[in-house]
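# Coordinate analysis (summary)
Here's the letter readout for the chains.
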Amino acid sequence: MGAQPELEYLGQDAQATPPTASALLFTRFEPFPNPVCSADPLQWPGYPGELEATRDRTGSPQAVTAGTAFVNGQPCVAIAFRFDFLGGSMGQVEGTLIVQAIEEATRNRWPLVSVARSGGARMQEGTVALFQMAYIARALVRLAAAGAPHIAVVDDPTTGGIWAALTAAADVIIARAGSQVAFAGNRVRPGLVHKQSPSSGEGKHAAGFIDVVAEDAALADTVANYLHLLSPLTRGETAPPDIPTLTREPTAPPPSGWGSVQAARSPQRTSSERYLSDYFDLTAPLSGDRAGGLDPQLRCGLGRRDGRTIAFICQLGGTAHASGFRTASRVLALADRLCLPVVTFIDTSGADNSPEAELSGVGTAIAELLQRLAACTVPVLSVVVGQGVSGAAIALINPDNLWMAPDSYLAVIAPESAAAILKQEPAAIPQIAGQLTLSPQQLTTLGLAHGTLALAHRDTDPR
């Protein structure tokens, strides 16, 4: 996008190449009135003169600007940092502006978009600057209670108190490709930052702390998609999700429990990702558990269907990990707070039972997810589309609204594991599968499942 007069307000550092993320994102920016300029609470030698020289050099009164803005036509309250103002550091006036912006978003129930480019709390203002982290946290709690989302964008660099107080707790975190993001910056933690580094946006994404990494060309579209999906102005009503329909003729219903197991394991079966793509017109990821874990066998996010936003949790068929259960809990908590309906697609061979899984707290993660789902106040639809084995499956099932694909099964344990526990020969596995009562038809008869998915072209309603 071309240069605009208001970019001076948007954290566009003098002669910055490439442009800052704020300059790439925001249009029609209307800044809030500036508070009183920073004082010198610690009587730091030379600090007043440094502030005055920085204001003269940058043309900005402080390191943070806040106001109302648009991202690709989507309205928001915006917070922007400029790194050429004392490293984008946060003093009292910057903290005041951030809190003011959060409170404005809370009052109007507008989404908040923060674009961080900061070295953290300002040393020259000492504990006064440090206290701003607590004030920001209080304001963000009120924003969350109002049901307004916070979308954070990580520009290069984002470190220290701004990462910890403002950015890392956001509902959605988007890192600009190649950005440095860490609690400890290079001057207090020497070391090279590269794309695989734990202190890079890419490294943080791989560790489950960031939802998506965006190149500059896609940054505005990425943020605008999340705004469209999450803003109270556009996310739509909180109604129960539609029951999915089949997009192709399934195989004939298996004649036995073992037949159901074989059908669910067949490579010709419709995958959970295919169900997901058929169900939504648009999706955006919610990735990672924010605790250092990313489960490759789970895909979560936000989807658009018939003009409203639905959160989704989709297992991909393999072994489920503790990080996946924690990610699912995170998604449910966000959906509950923002009044988004939820659909879960169950397809798992069971939970990881390795010694490493025990150390990662897999049992605790399942327990927390079961309770999180039980506490949900929004509609939750659960669909078993493949294998549904043990606690890894039930942790994502709403027992009041469970549906099953014709070529799926749901069991307390995989038949092979049951045979091993019972000390039976492999030849007994088909018989044990039948005794487990795991087919869609059997579970519907028991009243545990509400029914089986139907073809899209049929006139019958699967509900």
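Every residue gets a number counted from 1 within its own chain, in the order that chain's sequence is written. The predicted origin of the model limits local features to residues at a pLDDT of at least 70 and limits the giving and counting of side-chain atom pairs to 80 or more, whereas totals for whole chains, interfaces and linings rest on all residues. Heavy atoms from the whole structure form the basis of all side-chain values; hydrogens and water molecules are not counted.

## Some details on the overall build of the protein chain
Helix and strand content of the protein chain: 16 helices and 18 strands. For the radius of gyration, the atom set is restricted to C-alpha positions; the globular benchmark scales as 2.2 Å times the number of residues to the power 0.38. In terms of overall size, the protein chain behaves like a compact globule, its C-alpha atoms giving a radius of gyration of 25 Å where 463 residues would be expected to give roughly 23 Å. For every residue, the accessible area obtained with a 1.4 Å probe (protein chains only) is divided by the maximum for its type, and the residue is called buried under 20%, exposed over 50%, and partly exposed between those limits. The burial tally for the protein chain puts 54% of its 463 residues in the buried class. Residue contacts are counted whenever heavy atoms from the two residues lie within 4.5 Å of one another. Sequence-distant contacts in the protein chain: of pairs separated by 6 or more residues, those separated by 24 or more amount to 71%. Secondary structure is summarised from DSSP: a helix means a run of H or I of at least four residues, a strand means a run of E of at least two, and numbering begins at the N terminus for each.

## As for unusual backbone geometry
In this model, Asp156 is joined to Pro157 through a cis peptide bond whose omega is -5°. Along the chain, the position of Pro157 falls in strand β5 (residues 150-159). Not every positive phi belongs to a glycine, and Asn72 is a case in point at roughly 50°. Take Asn72: it is sitting in the loop between β2 (64-71) and β3 (74-81). In this structure, Cys339 is a non-glycine residue whose phi angle is positive, near 60°. Mapped onto the fold, Cys339 is located in the loop between α10 (322-338) and β13 (342-348). The exposure class assigned to Cys339 is partly exposed, which follows from its relative accessible area of 40%.

## Things to note about the packing of aromatic side chains
When two rings of Phe, Tyr or Trp (its six-membered ring) have centres within 6.5 Å they constitute a pair, described as stacked for plane angles under 30 degrees, edge-to-face for angles over 60, and tilted for the intermediate range. Overall, the coordinates contain six aromatic pairs when judged by the stated rule. Seen from their ring centres, Phe26 and Phe29 are 6.3 Å apart, and the 45° between their planes marks the pair as tilted. In terms of burial, Phe26 and Phe29 fall into one category: buried. When the centroid spacing of 6.2 Å and the interplanar angle of 70° are considered together, the rings of Phe131 and Tyr135 count as edge-to-face. Highlighted residues: Phe131 and Tyr135, both in helix α4 (residues 126-145), separated by four residues, approximately one helical turn. With a relative accessible area of 45%, Phe131 lands in the partly exposed category.

## Digging into the pattern of salt bridges
A carboxyl oxygen of Asp or Glu within 4 Å of a side-chain nitrogen of Lys or Arg is what we treat as a salt bridge. Counted according to the given criterion, the structure contains 16 salt bridges. Linked through salt bridges whose partners overlap, the residues forming this network are Arg117, Asp155, Arg176 and Asp216.

## As for empty space enclosed by the protein
Throughout, the protein atoms alone are placed on a 1 Å grid, and a set of points is a cavity if a 1.4 Å probe fits but cannot get out or a pocket if it is open with protein on both sides within 12 Å along at least five of seven lines; lining residues have an atom within 4 Å of a point. Grid points are joined across faces, edges and corners, and a volume is the space filled by probe spheres set on the points. Applying the stated criterion across every chain yields a total of two cavities of 30 Å³ or more. What the largest cavity holds in volume is close to 50 Å³. What lines the largest cavity is simply Asp295, Gln297, Leu298, Gln315, Ala320, His321, Gly324, Phe325, Ala328, Leu369 and Leu396. Partitioned by chemical class, the residues of the lining of the largest cavity number six nonpolar, four polar and one charged. In this model, the second largest cavity occupies a volume close to 40 Å³. For this classification, Asp, Glu, Lys and Arg are treated as charged, while Ala, Val, Leu, Ile, Met, Phe, Trp, Tyr, Cys and Pro are nonpolar and the rest, including Gly, are polar.

## Section: the side chain of Ser60
With respect to the helices and strands, Ser60 occurs in the loop between α2 (47-58) and β2. When its relative accessible area of 5% is taken as the criterion, Ser60 is described as buried. Among the polar contacts listed, one links the side chain of Ser60 to the backbone oxygen of Gln62, at a separation of 2.8 Å. A 3.5 Å cut-off defines polar contacts: any pair of N or O atoms within that distance qualifies, except that in protein one atom must be a possible hydrogen donor and the other a possible acceptor, and neighbouring residues in sequence count only when both atoms are side-chain atoms.

## Some details on the nonpolar core
Throughout, nonpolar core names a set of buried Ala, Val, Leu, Ile, Met, Phe, Trp, Tyr and Cys residues whose side chains join them through atoms within 4.5 Å. Of all hydrophobic cores here, the largest spans 63 residues; its most connected members are Leu25, Phe26 and Ile174. Of all hydrophobic cores here, the second largest spans 22 residues; its members include Ala66, Ala105, Ala139 and Ala148.

## Concerning a nonpolar patch on the surface
Taken together, the side chains of Leu42, Trp44 and Met123 define a hydrophobic patch exposed on the protein surface, amounting to about 300 Å² of accessible area. Its location among the elements puts Trp44 in the loop between β1 (27-31) and α2. Among the residues examined, Trp44 registers a relative accessible area of 32% and is labelled partly exposed. Every patch collects residues that have over 30% relative accessible area and no salt bridge, joining them within 9 Å if they carry like charges and within 5 Å if they are nonpolar side chains (Val, Leu, Ile, Met, Phe, Trp, Tyr). For the area figures, the Shrake-Rupley method with a 1.4 Å probe applies, and any residue is considered shielded solely by the protein chains shown.

## Topic: the packing of α10 against helix α12 (residues 362-374)
The N-to-C vectors of α10 and α12 enclose an angle of 20°; their axes lie 8 Å apart at closest approach. The orientation of α10 with respect to α12, classified from their angle, is roughly parallel. As for the relative orientation of α10 and α12, their crossing is left-handed in sense. Across the interface between the two elements, Ala322, Phe325, Arg326, Ala328, Ser329, Leu332 and Ala333 of α10 pack against Val362, Ala365, Ile366, Glu368, Leu369, Arg372 and Leu373 of α12. Think of each axis as a best-fit line through the C-alpha atoms, taken over the contacting stretch in the case of a helix, with angles from 0 to 180 degrees between the N-to-C directions. Roughly parallel here means an angle under 35 degrees, roughly antiparallel means over 145, roughly perpendicular means 65 to 115, and every remaining angle is called oblique. What makes a crossing left-handed is the near helix being turned counterclockwise from the far one by less than a right angle; a clockwise turn instead makes it right-handed.

## A short note on the confidence of the model for the protein chain
Scored from 0 to 100, pLDDT records how confident the predictor is in each individual residue. Counting all residues, the mean pLDDT for the protein chain is 91, and 91% of those residues have values of 70 or more. This model gives residues 1-9 a pLDDT under 50, and the stretch forms 19 contacts once residues within four places in sequence are excluded. Counted against residues more than four places away or in other chains, residues 458-463, with its pLDDT under 50, gives nine contacts.

## Examining the pairing of β2
Counting buried positions over the eight residues of β2 gives six, a clear majority of the element. Strands pair, by our definition, only if DSSP identifies at least two bridges between them. Inspection of the sheet shows β1 paired to β2 by three bridges, in the antiparallel sense. Bridged to Thr27 within β2 is Phe70. Relative to β3, β2 runs antiparallel, the two sharing eight bridges. By the bridge assignment, Ala66 is partnered in β3 with Ile79. Where β2 folds back on β3, the antiparallel hairpin that results is connected by two residues, among which Asn72 adopts a positive phi of roughly 50°.

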